[in-house]
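# Architecture and fold: a report
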Amino acid sequence: KGEHVNINDLSKTIINKKILGAAIDVYEEENQNIIFNNKNLVKALKTNNNFILSPHIAGATISDRLKLQKRMIYLINNFLKNRKLEL
């Protein structure tokens, strides 16, 4: 969850090379103006290639979507097979 990561502190940690790197996909505030107005974040992104931000779509790959669809079809089929129809 985005609220569990203090993006400002994480940015400082990246700048000071206290960790090897980080990748963020979920933010407390998913507003690009709020994110990119953070001076430490912008500095960390500009000066380090080990800090990655993605726009909350990391799980939106074609492969992941196909797995999700197959799982949903499986669950629906199981539900329909096990359901007792009352007439």
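Presented here is an overview of the structure given in this document. Computed from a predicted structure; not experimentally measured. (Residues numbered from 1 in each chain as written. Predicted model: local features only at pLDDT ≥ 70, side-chain atom pairs only at ≥ 80, totals over all residues. Heavy atoms only, no water.)

### Looking at the overall build of the chain
Definition in use: A run of DSSP states H or I qualifies as a helix once it reaches four residues; a run of E qualifies as a strand once it reaches two. Both are numbered from the N-terminal end. Throughout this description, buried means an accessible area under 20% of the type-specific maximum (1.4 Å probe, protein chains only), exposed means over 50%, and partly exposed covers the range between. Two residues form a contact once any of their heavy atoms are found within 4.5 Å.
Looking only at helices and strands, the chain has 4 helices and 2 strands in total. Going from the N terminus to the C terminus, the chain shows its helices and strands as α-β-α-α-β-α. Here the chain holds 87 residues, and 16% of them are scored as buried. Residue pairs in contact within the chain that sit at least 24 positions apart in sequence constitute 67% of those at least 6 positions apart.

### What to know about the packing of helix 1 (residues 7-15) against helix 3 (residues 39-47)
Short version of the rule: Between N-to-C directions, angles span 0 to 180 degrees; the directions come from axes that are lines fitted to C-alpha atoms, helices contributing only their stretch in contact. A clockwise turn of the near helix away from the far one marks a right-handed crossing, whereas an anticlockwise turn of less than a right angle marks a left-handed crossing. Throughout, the ten residues Ala, Val, Leu, Ile, Met, Phe, Trp, Tyr, Cys and Pro are labelled nonpolar, Asp, Glu, Lys and Arg are labelled charged, and all others, Gly among them, are labelled polar.
Where helix 1 meets helix 3, the axes come as close as 8 Å, and the angle between the chain directions of the two elements is 35°. The chirality of how helix 1 crosses helix 3 is left-handed. Where helix 1 abuts helix 3, its residues Ile7, Asn8, Ser11, Lys12, Ile14 and Ile15 lie against Asn40, Leu41, Lys43 and Ala44. Considered class by class, the residues forming the contact of helix 1 with helix 3 number 5 nonpolar, 3 polar and 2 charged.

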